[in-house]
Each structure stands twice: as structure tokens, then as C-alpha cells.
Amino acid sequence: MTQEEYRRLIEQSTASQFAFRDRWEAMENDPAMSIDPERSGRILSDVAKRLNDNYPFFHPRYAGQMIKPPHPIAIAAYLLAMQINPNNHALDGGPATAAMELEAVASIAGMFGMQEHLGHLTSSGTIANLEALWVARSLHPKKKIAFSPNAHYTHSRMCNVINTESRTVDTGSLEHLETEFKKGDIGTLVVTIGTTGTGAVEPLDAILPLAKKYGVRIHADCAYGGFFTILARAEQPVIAPGPFLSLHQCDSIVIDPHKHGLQPYGCGCVIFADPSVGTLYKHDSPYTYFTSSSLHLGEISLECSRAGASAAALWATLQYLPLLPEKGFGPILTRTRHAAVSFSGLLKQHPQLKMFCDPDLDIVTYFPQPKQFSASGVSAASRTIFEEGMKRTDAPLFVATLNVESELIQRNNPTFIADAPSTVILRSVLMKPEHDSFVPQFIDELAALSNTVV
Ligand SMILES: *Cc1c(COP(=O)(O)O)cnc(C)c1O
């Protein structure tokens, strides 16, 4: 994106705001709201100065956490709507953005292949999951909610919030799951499609028939991986399509447009397969719902105020980038997936670096192999690479660290000494299409860096 392209979009957004204002009777601005150009300019440069204390999330050199800037069209649409500031808590808080929200959510439900659905945007994946777990609890009040140890840490926290017992299970073993299901006390199983740590896709397609047999509900946490469903529908899928193609059979799904959907933060989404769960939300708020008697957004969400601008941004992005394998989001995700595949291919040729596990999506996990090939040795070397990479002024490399069970490393590396229960390894989220062509250089620099520490 050039500055000129960007400026054109932003100018259109501000011009639209003043066109909107011009539709109404002229009014006088209160002097208390006037903008002093000198002071406001100075404050804004102070903000810019303070924001320098940030990592270059937009750059392929940044492959740390799940962060990248929004799409320019999302930024422009967000700005355009935000100047009006509609609130999607109810239809009359912002009719236009409420309609855009319904359309955007319907597109996402369509991507999953759901025939029917009830869903809405939330302010985050955590809140979206909370809502799904709350519905799970409402439908099976006496039963537990189960998830794997690799599920997002907020699932156990949210079970606490809703005062529901949880249990960790091994979602990778059908035998184990059947034993657990037979006990009859699990109401809902959370299956993670793209774990936050390694991007692992849990075997949803294999789990579903078993869950149906025992009457266990399935909630799919696709906060990170959901958009990869597009690639599962490609003629030649570059990911294992099975789990994605069975998502429509789940009872609820969470996806984070503010992760792979190119949206600003504040955009999660929860979708239920059975629209009748909407009745669980019944409440009485006489002052907010006076314009409509039908079920609308405020009536099917735990949150009240939400940015209508989020809906406008997502709607605009989905217009510009359709959820299709061959255009729009498909080519972007194909590139990020390819980046991870070539990263692991190149890394495997390197004597001092080792893959932790093969990537299912676009997150790679790996570790240096120091002379002292032990949990403590690998942890120390990983931390040094993490810190030194960040410190390099000319060519920094931003990666992340991840704690894993030492036993998992030992399984594939017989000479590894597990002198601590867990080991710190390295993790890189290659979620930008620009990562793809940068991978060979990334590996070269990473290898050079690891040579200095091992
Ligand atoms: C990021 C993530 C969450 C939490 O979502 P937030 O939007 O950060 O609140 C939940 N589950 C998974 C799998 C995630 O990757």
C-alpha cells in the first residue's frame, strides 16, 4: 500500500462524514468543542512519538504474536462509520451497521457451510467463546465443559466465570474421548481449529460422530483458524480439509475477524447452528428496544454497547475480499500457509535448528539445538535468540517463545535430556502474505543468530 492510496481512502471517509452532516439542519458547534490546531497537532505528535514504542507488526520481520494491521479498506470503513459512532447493541443504535453485521455474519456462516444460523459480532474471541460456553451451560446445566490442554487459556477462566466445572481431555485420542463421553457428565466439548500455540487443528471430523453418538455438544473454537475453511474448499487444498469441512455440523463456532480477517481489534464473532438458542438471552430492557419487536442483535448478545464501526469495517472488507479460494481471502491465506510450509522445509535442512511439529496452518514452532541438548539448554538458547533478534538495530527479527512439555521434544529426539518438565521453544506466526517471499532470508538470519548462541 502506498501513502497515496491510503490517503485517498481516508479522504473519502472524512468527506463522506461531512456529506452526512450536511444532510441535517446547520448547527453551531459549541466553543468547548473547538479544535485548536497548534495544541491538537502537538498532542497528536506526542501520541505518534509514544507509539514508536511498538514493534513493526506490518513488516515480515515481525513474526511474533498473532498481530497484523487491518486492511486499508477496513480502516477507511471503520473511520467512516466511527465518525457517526453507531452502537450495534440494538437496531435503533445504528440501523445501517446492524444490517451490515447481519450480512457479514451470514457470509461467515456461509463460508462454514451452515444452512441455518444465529450469530453476531462480539468485541473479542474471548467474549464470543464466553457466550458459546454460557449457552453450553444453559443447555446442559449439570454437565461439564471439556477441552484439550492446548485450548485457549480463557476457556478454563470463562468456565470459572459461569461457575461451570471443566475438564481437560485429549482431543487427539478417540479411544480416550469415548471413555470420557461414556461417563455421561460432559455436556459440551470444545474443539480447537488452530490452537494459539502451534496452530494445530484438532481432528473435528473424527470427533463429531462420536460426540453425536453420546449426545455431547461440540463448540469449535476457530478464533485463529476459521478463515482457513476457504482453503479447505479449494480444488487442491494446501491444508487437510477434513476438520474444516465438518464445521457446519458443530453446535457453535467462534471466529476472530480481528485475527485473520484483517480487522482492527474489537471484532470477534460467535455463530450458533440452532437459532432457537436466541430464546436463552431473553431479558427486559424497556429503554433500549422500543423500535422493533423482532429478535435483534441486542437481544442475542451478552454485551451491550459494541462498535457499529466494526461491522462496517468487516462488511467492507468482505465486499473487497470475498471468502473464496481463488480470489479475495483465498490467495492471502494460500501465501501465509505456503510461508509456513517452506519455512519448515528449509528449517529441516539446517543442522542447528529443529522443527517442534509440522505446521497445520501458518504458525511454525522450532528450537535451536545447543551442545547441551537439554530442556534447560534449549530454553536458554531460545530465550537468547528471542531477545537478541529483537535487539538487532539493522535487521531485527521478531519471534515469540512458547513453553512446551519437554516430553514432547524427547519423543522425537532421543538424545534430548528432559532436565525440566517444560522447555522454552520458538514460535513464529507467518500470518502476512509478505512472509512468504521473506522466508528464505528469515531462515538465513535465524540460522546465523542461532550459530552465535549455540
Ligand atoms: C486468540 C484466541 C482466542 C481469544 O481471542 P481474543 O480475541 O484474543 O479474545 C481464543 N481462542 C483461540 C484459539 C485463539 O487463538
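Everything numeric in this text was worked out from a predicted model, so none of it was measured.

Section: the pattern of salt bridges
Turning to step 1, where the next piece is worked out: As enumerated under the stated definition, the model contains 17 salt bridges in all.
Turning to step 2, where the next piece is worked out: Members of the salt-bridge network, linked through shared partners, are Lys144, Glu165, Arg167, Glu180, Lys183 and Asp185.

A look at the nonpolar core
Turning to step 1, where the next piece is worked out: Core analysis: the biggest nonpolar cluster contains 55 residues, and Ile108, Phe112, Leu189, Ile218, Phe244 and Leu247 have the highest contact counts within it.
Turning to step 2, where the next piece is worked out: When residues in this core are grouped by element, the largest group, six residues, is from helix 4 (residues 95-112).
Turning to step 3, where the next piece is worked out: Ranked by size, the runner-up nonpolar core spans 22 residues in total, among them Leu133, Val135, Ala151 and Val190.

Brief notes about the site of the ligand
Turning to step 1, where the next piece is worked out: Around the ligand, the surrounding shell holds 14 residues, and the nearest of these are Thr126, Asp221, Asp256, His258 and Lys259.
Turning to step 2, where the next piece is worked out: Between the ligand and Thr126 there is a distance of 2.5 Å, counted from an oxygen atom to a side-chain nitrogen or oxygen.
Turning to step 3, where the next piece is worked out: The separation between an oxygen atom of the ligand and a polar side-chain atom of Lys259 is 2.8 Å.
Turning to step 4, where the next piece is worked out: Considered on its own, the ligand offers 380 Å² of accessible surface; in the complex 88% of this is hidden by protein.
Turning to step 5, where the next piece is worked out: A per-element tally of the shell around the ligand places helix 5 (residues 125-139) first, with three residues.
Turning to step 6, where the next piece is worked out: A per-class count over the shell around the ligand returns two nonpolar, nine polar and three charged.

Overview of the packing of helix 13 (residues 375-391) against helix 15 (residues 435-453)
Turning to step 1, where the next piece is worked out: At their nearest, the axes of helix 13 and helix 15 sit 10 Å apart, and the two run at 125° to each other. Here helix 13 is positioned oblique relative to helix 15, judged by the angle of their axes. The handedness of the crossing between helix 13 and helix 15 comes out as right-handed. Here helix 13 contributes Ala381, Thr384, Ile385, Glu388 and Gly389 to the contact with helix 15, which in turn contributes Leu446, Leu449, Ser450 and Val453.
Turning to step 2, where the next piece is worked out: The residue makeup of the contact of helix 13 with helix 15, split by class, is five nonpolar, three polar and one charged.

Comments concerning the sheet that holds strand 4 (residues 186-192)
Turning to step 1, where the next piece is worked out: Read from one edge of the open sheet, seven strands run 1-7-6-5-4-2-3, paired in mixed fashion. The open sheet has two free edges, formed respectively by strand 1 (118-122) and strand 3 (166-168), since each of these has just one partner strand. Direction aside, the axes of adjacent strands within the sheet are offset by 20° on average.
Turning to step 2, where the next piece is worked out: As paired elements, strand 6 (residues 252-255) and strand 7 (residues 268-272) share four bridges and run antiparallel to each other. Across the sheet, residue Ile253 finds its bridge partner in strand 7, namely Ile271.

As for the confidence of the model for the protein chain
Turning to step 1, where the next piece is worked out: On average, residues of the protein chain score 94 in pLDDT, and 96% of them reach the 70 mark or higher.
Turning to step 2, where the next piece is worked out: Low pLDDT (under 50) marks residues 286-294, which in the prediction has 13 contacts with non-local residues, meaning those over four places away or in another chain.

Rules used throughout
- Along each chain, the written sequence defines residue order, and numbers are assigned to residues from 1.
- In view of the model being predicted, local features appear only for residues whose pLDDT reaches at least 70, and side-chain atom pairs are presented and counted only at 80 or more, with totals across whole chains, interfaces and linings using the full set of residues.
- Only heavy atoms go into the side-chain values, all of them from the structure, while hydrogens and water stay out.
- Every case where a carboxyl oxygen of Asp or Glu lies within 4 Å of a side-chain nitrogen of Lys or Arg is listed as a salt bridge.
- Grouping buried Ala, Val, Leu, Ile, Met, Phe, Trp, Tyr and Cys residues that are joined through side-chain atoms within 4.5 Å yields what is termed a nonpolar core.
- Any residue under 20% of the maximum accessible area for its type is buried, any over 50% is exposed, and the rest in between are partly exposed; the area is computed with a 1.4 Å probe on protein chains only.
- Helix and strand assignments come from DSSP, with helices taken as H or I runs of at least 4 residues and strands as E runs of at least 2, each series counted from the N terminus.
- In these notes, residues near a molecule or strand are those with any non-hydrogen atom within 4 Å of it.
- By the criterion applied in these results, polar contacts are pairs of N or O atoms within 3.5 Å in which, for protein atoms, one can donate a hydrogen and the other can accept it, and in which residues neighboring in sequence qualify only through two side-chain atoms.
- Areas reported as accessible are Shrake-Rupley estimates using a 1.4 Å probe. Residue values count occlusion only from the protein chains shown.
- Three classes are used, and their members are as follows: Ala, Val, Leu, Ile, Met, Phe, Trp, Tyr, Cys and Pro are nonpolar, Asp, Glu, Lys and Arg are charged, and the others, Gly among them, are polar.
- For every element, the axis is a line fit to its C-alpha atoms; helices are fit only across the contacting stretch, and the angle between N-to-C directions ranges from 0 to 180 degrees.
- Angles are sorted into four bins: roughly parallel if under 35 degrees, roughly antiparallel if over 145, roughly perpendicular if 65 to 115, and oblique for all others.
- Throughout, a crossing is termed right-handed when the near helix is turned clockwise from the far one, and left-handed when it is turned anticlockwise from it by less than a right angle.
- Note on definitions: a residue-residue contact is assigned when non-hydrogen atoms from the two residues lie within 4.5 Å.
- Strand pairing is defined by DSSP finding a minimum of two bridges between the two strands.
- Known as pLDDT, the predictor's confidence for each residue is given on a scale from 0 to 100.

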